[in-house]
Amino acid sequence: MSSNLAVKLRAGTQQAHTMAENVGLMKCVLKGIVDRDIFATFLGNLYYVYSELEAAIQSNLKHPFIGALYFPELNRKAFLERDMVFYYGNNWRSLVTPSPVTQTYINRIRELSATEPPLLLGHAYTRYMGDLSGGQMFQKVVQLALQLSAYEGTSFYNFEQIPDKNAFKNKYRQALNELPVDDATVNRIVAEANHGFKLNMQIAQELEESLIKAVGKDTFNKLTNSDNPGST
Ligand code: HEM
């Protein structure tokens with residue numbers, strides 16, 4: 001039995017993806033406008049999200065769906081720790097806390113881990129496939145804008161064990177497509193992926209006020225008002 005889960009995830013989150021691309025913070029980054037403090041705060045939130053997600057995956061490895069989609073080369077926690085040291089120093093743990101939306105995100109992952117592990121796949125898909133796609137563009141822009149060398153301060157985007165991103169994404173999609181998931185569960189995983197997109201958008205929106213302060217309201221409006229039909 002093949003569920004076509006990857007196909008359904010892609011189609012079912014396409015609208016959310018276009019909305020995510022159009023969040024002010026994302027548009028600014030793509031236009032090369034990156035504030036170092038805001039970017040560090042953003043990665044700090046992701047540190048908490050990935051710590052929770054990767055702990056949840058780890059503790060559910062015996063679940064056949066989670067086990068089939070476990071690729072340790074995706075793990076981001078250790079890379080985010082490097083970025084935290086870069087931006088905040090060795091004492092970063094006492095300086096970085098999760099934002100309110102990040103806390104909601106963490107709580108949701110924790111809840112799924114305890115009650116409905118298959119739905120974690122919606123979150124894993126939303127983050128990891130995004131990191132291997134648009135995330136790679138982001139890294140290049142941020143590195144240039146903040147004048148960073150190599151992956152210093154952008155380790156998060158460094159999938160050093162995945163040299164061929166497209167080949168890996170195809171492998172991941174194939175593993176999803178082949179999962180023997182029934183239709184009702186497929187729909188719930190897609191709904192959870194959409195929830196993941198929403199939480200990610202809200203994390204970016206939480207930072208918008210600081211971004212407006214950093215670049216000025218007029219510049220922010222100019223950078224974010226143009227139409228963007230989206231990439232997918
Ligand atoms: C400005 C922001 C963004 C840009 C420019 C962008 C760009 C892209 C591109 C070009 C792809 C297609 C890659 C491919 O098919 O190989 C893609 C796929 C994807 N992106 Fe984004 N993205 C952005 C934001 C986001 C966000 C915020 C998320 C979620 C947190 C996300 C999640 C995904 C996912 C899950 C896919 C895989 C789609 C699939 O093939 O199933 N993206 N992105």
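As shown above, the structure is provided for reference.
Residues numbered from 1 in each chain as written. Predicted model: local features only at pLDDT ≥ 70, side-chain atom pairs only at ≥ 80, totals over all residues. Heavy atoms only, no water.

### Side note on the coordination of the iron atom of the ligand
- Just one protein atom donates to the iron atom of the ligand; it is His17 (NE2), sitting 2.1 Å from the metal.
- Tracing the sequence through the fold places His17 in helix H2 (residues 14-21). (Donors = N, O, S within 2.8 Å, 3.2 Å for Na, K, Ca; no water. Helix = DSSP H or I, 4+ residues; strand = E, 2+ residues; numbered from the N terminus.)

### As for helix H4 (residues 36-59)
- Its 24 residues place the ends of H4 34 Å apart at the C-alpha level, agreeing with the 34 Å of an ideal helix rising 1.5 Å per residue.
- Of all 24 residues that make up H4, 18 are buried, and the element is covered over most of its length.
- Taking the backbone nitrogen of Asp37 as reference, a side-chain oxygen 3.1 Å away marks Asp35 as the first, capping residue of H4. (Expected span 1.5 Å × (residues − 1). Buried < 20%, exposed > 50% of the residue type's maximum accessible area, 1.4 Å probe, protein only. Polar contact = N/O pair within 3.5 Å; in protein donor to acceptor, adjacent residues only side chain to side chain.)

### Observations concerning the packing of H4 against helix H6 (residues 77-88)
- It is at 9 Å that the axes of H4 and H6 come closest, and there the two elements cross at 150 degrees. Of the possible angle classes, the one that applies to H4 and H6 is roughly antiparallel. H4 and H6 meet at a crossing whose hand is left-handed. Contacts between H4 and H6 involve Arg36, Phe39, Ala40, Thr41, Leu43, Gly44, Leu46, Tyr47, Tyr50, Ser51 and Glu54 from the first element and Lys77, Leu80, Glu81, Asp83, Met84, Phe86, Tyr87 and Tyr88 from the second.
- In terms of residue class, the contact of H4 with H6 is made up of eleven nonpolar, three polar and five charged. (Axes fitted to C-alpha atoms, helices over the stretch in contact; angles between N-to-C directions. Parallel < 35°, antiparallel > 145°, perpendicular 65-115°, else oblique. Left-handed = near helix turned anticlockwise from the far one by under 90°. Contact = heavy atoms within 4.5 Å. Nonpolar A, V, L, I, M, F, W, Y, C, P; charged D, E, K, R; others polar.)

### Remarks on the site of the ligand
- Arg10, His17, Tyr125, Lys169 and Arg173 are the nearest of the 21 residues found near the ligand.
- At a separation of 2.8 Å, an oxygen atom of the ligand approaches a polar side-chain atom of Arg10.
- Contact between the ligand and Lys169: an oxygen atom at 2.6 Å from a side-chain N or O atom of the residue.
- According to the grid-proximity analysis, the pocket containing the ligand is the largest pocket.
- Taken together, the elements giving at least two residues each to the shell around the ligand come down to H2, helix H3 (24-30), helix H8 (120-131), helix H9 (134-145), helix H10 (165-178) and helix H11 (183-206).
- The element contributing the most residues to the shell around the ligand is H8, with five residues. (Near = heavy atom within 4 Å. 1 Å grid on protein atoms, 1.4 Å probe; cavity = no way out; pocket = protein on both sides within 12 Å on 5 of 7 lines; lining within 4 Å. Sits in = over half its atoms within 2 Å of the grid points.)

### Remarks on the layout of surface pockets
- In this structure, the largest pocket spans a volume of roughly 850 Å³.
- Taken together, 31 residues make up the lining of the largest pocket; nearest its centre are His17, Gly130, Ser133, Gly134 and Phe197.
- Going through the elements one at a time, helix H1 (5-12), H2, H3, H4, H8, H9, H10 and H11 are the ones with two or more residues in the lining of the largest pocket.
- Sorting elements by how many residues they give to the lining of the largest pocket places H8 first, with six residues.
- Per-class residue counts for the lining of the largest pocket are 14 nonpolar, eleven polar and six charged. (Points joined across faces, edges and corners; volume = space filled by probe spheres on them.)

### Here's the deal with the pattern of salt bridges
- Counted by the stated rule, this structure contains seven salt bridges.
- Arg93 is paired through a salt bridge with Glu81; the nearest N and O atoms lie 3.3 Å apart. Here the residue Arg93 occupies a position in the loop between H6 and helix H7 (100-115), and Glu81 occupies one in helix H6, the gap between them amounting to twelve residues.
- Measuring nitrogen to oxygen at the nearest pair gives 1.8 Å for the salt bridge that ties Glu116 to Arg188. Taken as a pair, Glu116 in the loop between H7 and H8 and Arg188 in helix H11 lie far apart in primary sequence, 72 residues in all.
- Look at Glu116 and you get partly exposed, because its relative accessible area is 26%.
- Given a relative accessible area of 40%, Arg188 falls into the partly exposed group.
- Three or more residues joined by partner-sharing salt bridges are found here, namely Arg108, Glu111 and Glu192. (Salt bridge = Lys/Arg side-chain N within 4 Å of Asp/Glu carboxyl O.)

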